[in-house]
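Descriptive structure summary
Residue-level listing of the chains:
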Amino acid sequence: MLQFTKMEGIGNDYVYMDGIHQRVPMDATFISKISDRHFGIGSDGLIVILESEVADFKMRMFNLDGSEGKMCGNGIRCFAKFVYDEHLTKKTTLQIETLSGIKTCELKIENGEVTSVTVDMGKPVTTCREIPVVYDQEEMIDDELVINGIKYRGTAVSMGNPHLVIYRDNLDFNLEKIGPHFEKDPMFPESVNTEFVQVIDEKHLKMRVWERGSGETHACGTGACAVMYASYLNHLCGPEADVELLGGHLQIAYRDGHIFMTGPARTTFRGYIQEEDYR
Ligand SMILES: N[C@H](CCC[C@H](N)C(=O)O)C(=O)O
């Protein structure tokens with residue numbers, strides 16, 4: 001039997017499994033089958049809680065296609081809530097090891113409940129080589145690019161995972177049709193998470209996202225951070241902004257060279273599965 005907890009961060013929902021006290025399969029077949037919204041638990045992917053040699057815990061995150069993400073903003077908020085709620089720690093300030101380095105999470109506790117989490121998401125990166133983006137300039141900041149024969153203006157940012165930010169007058173368009181072309185374009189050697197942004201005002205940004213490995217999700221925490229920083233670089237917002245996503249709002253701030261993200265984390269249900277049922 002495998003114990004799991006289903007959690008969501010503004011609608012970006014993952015299956016969480018304690019990999020410290022049970023052996024959690026992390027292969028693409030298992031992950032895509034448990035993520036199926038009709039034949040499985042249903043989620044945007046799997047997040048595993050592990051021990052760390054260098055931090056309080058280690059997070060491994062997998063998109064619903066089984067590809068491993070290097071960081072997950074909504075996921076790490078729920079991860080921090082999970083380890084606190086499951087009494088794996090009493091700390092309310094947690095260091096969590098990810099493939100994109102150690103992230104610090106501050107839990108906000110009200111009446112014994114974790115109501116929100118603030119994460120130091122680290123330094124945003126805009127050098128194309130590090131994102132990575134194959135491009136003829138060192139950075140892509142409001143610069144032209146062609147995807148599937150269509151010209152766009154984009155800003156590329158890494159939050160430990162690759163993002164491309166594109167501005168639009170409105171968000172009423174067929175994302176399903178164009179999203180996969182960005183995800184598969186060879187200019188992104190490690191694929192890319194693509195965000196489409198409508199600037200409401202200098203403190204309010206609205207976005208949709210086509211995530212690498214998961215398609216359109218209700219929210220993307222790293223994407224919201226990339227959107228805020230790209231908007232700051234393009235003088236479209238100040239050092240703090242409310243980012244509105246399909247599933248809810250995140251508060252993003254740029255301070256001392258770091259991006260901070262604050263938002264909710266919620267447990268929806270717990271359960272057990274038999275691994276052999278997902279083979
Ligand atoms: N699809 C992303 C990982 C999940 C990121 C997103 N769900 C978030 O909250 O940051 C990637 O492969 O880079």
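Structural data are supplied above this passage.
All of the points below concern the structure found in this document. (Residues numbered from 1 in each chain as written. Predicted model: local features only at pLDDT ≥ 70, side-chain atom pairs only at ≥ 80, totals over all residues. Heavy atoms only, no water.)

1. Some thoughts on the overall build of the chain
Stated precisely, the cut-off is as follows: Strands are runs of DSSP state E lasting at least two residues, helices are runs of H or I lasting at least four, and both sets are numbered from the N terminus onward. To get the radius of gyration, use the C-alpha atoms; to get the globule rule, take the number of residues to the power 0.38 and multiply by 2.2 Å. Relative accessibility under 20% of the residue-type maximum defines a buried residue, over 50% an exposed one, and the middle range a partly exposed one, all with a 1.4 Å probe and only protein chains included. Whether two residues are in contact is decided by their heavy atoms, any of which lying within 4.5 Å being enough. Accessible areas in this description were obtained via Shrake-Rupley with a 1.4 Å probe; residue shielding takes into account the shown protein chains only. We score Asp and Glu as negative and Lys and Arg as positive, and we do not count His or the chain ends. For the purpose of locating charges, the reference atoms are NZ of Lys, CZ of Arg, CG of Asp and CD of Glu.
Secondary structure summary: the chain contains 4 helices and 18 strands in total. For the chain, the C-alpha radius of gyration of 18 Å lies close to 19 Å, the compact-globule estimate for 279 residues. Reported as C-alpha extents along the three principal axes, the dimensions of the chain are approximately 50 × 40 × 35 Å. With 279 residues in all, the chain has 56% of them scored as buried. Sequence-distant contacts, at least 24 apart, represent 61% of the contacts inside the chain between residues at least 6 apart. For the chain, the computed accessible surface area is about 12,200 Å², with 47% contributed by carbon and sulfur atoms. The positive charge centre, built from 28 side chains, and the negative charge centre, built from 43, are 2 Å apart in the chain.

2. Let's talk about the site of the ligand
Here is the rule: Any residue with a heavy atom positioned within 4 Å of a molecule or strand is treated as near that molecule or strand. We define a polar contact as two N or O atoms separated by no more than 3.5 Å, with the added condition that, inside protein, one atom must be a possible hydrogen donor and the other a possible acceptor, whereas residues neighbouring each other in sequence contribute only through side-chain atom pairs. Method remark: on a 1 Å grid restricted to protein atoms, a set of points is classed as a cavity if a 1.4 Å probe fits but cannot get out and as a pocket if it is open with protein on both sides within 12 Å along at least five of seven lines; lining residues have an atom within 4 Å of a point. Whether a molecule sits in a cavity or pocket is decided by its atoms, more than half of which must lie within 2 Å of the grid points. Residues are grouped as follows: Ala, Val, Leu, Ile, Met, Phe, Trp, Tyr, Cys and Pro are nonpolar; Asp, Glu, Lys and Arg are charged; every other residue, Gly included, is polar. Boundaries of every domain are those given by an automatic assignment or by a domain database.
Inspection of the region around the ligand gives 16 residues, with Tyr14, Glu211, Arg212, Gly221 and Thr222 positioned closest. For the ligand, a nitrogen atom lies 2.7 Å from a polar atom in the side chain of tyrosine 14. In the environment of the ligand, an oxygen atom lies 2.7 Å from a nitrogen or oxygen atom belonging to the side chain of arginine 212. Taken by itself the ligand offers 360 Å² of open surface, and the protein chains cover 100% of this. In a pocket analysis with a 2 Å cut-off to the grid points, the ligand is assigned to the largest cavity. Residue assignment for the shell around the ligand shows that the elements contributing at least two residues are β2 (12-18), β4 (57-63), α2 (73-85) and α4 (221-233). Among the residues making up the shell around the ligand, the classes are represented as 5 nonpolar, 9 polar and 2 charged. Taken domain by domain, the makeup of the shell around the ligand includes at least three residues from each of domain 1 (2-120 + 264-278) and domain 2 (128-256).

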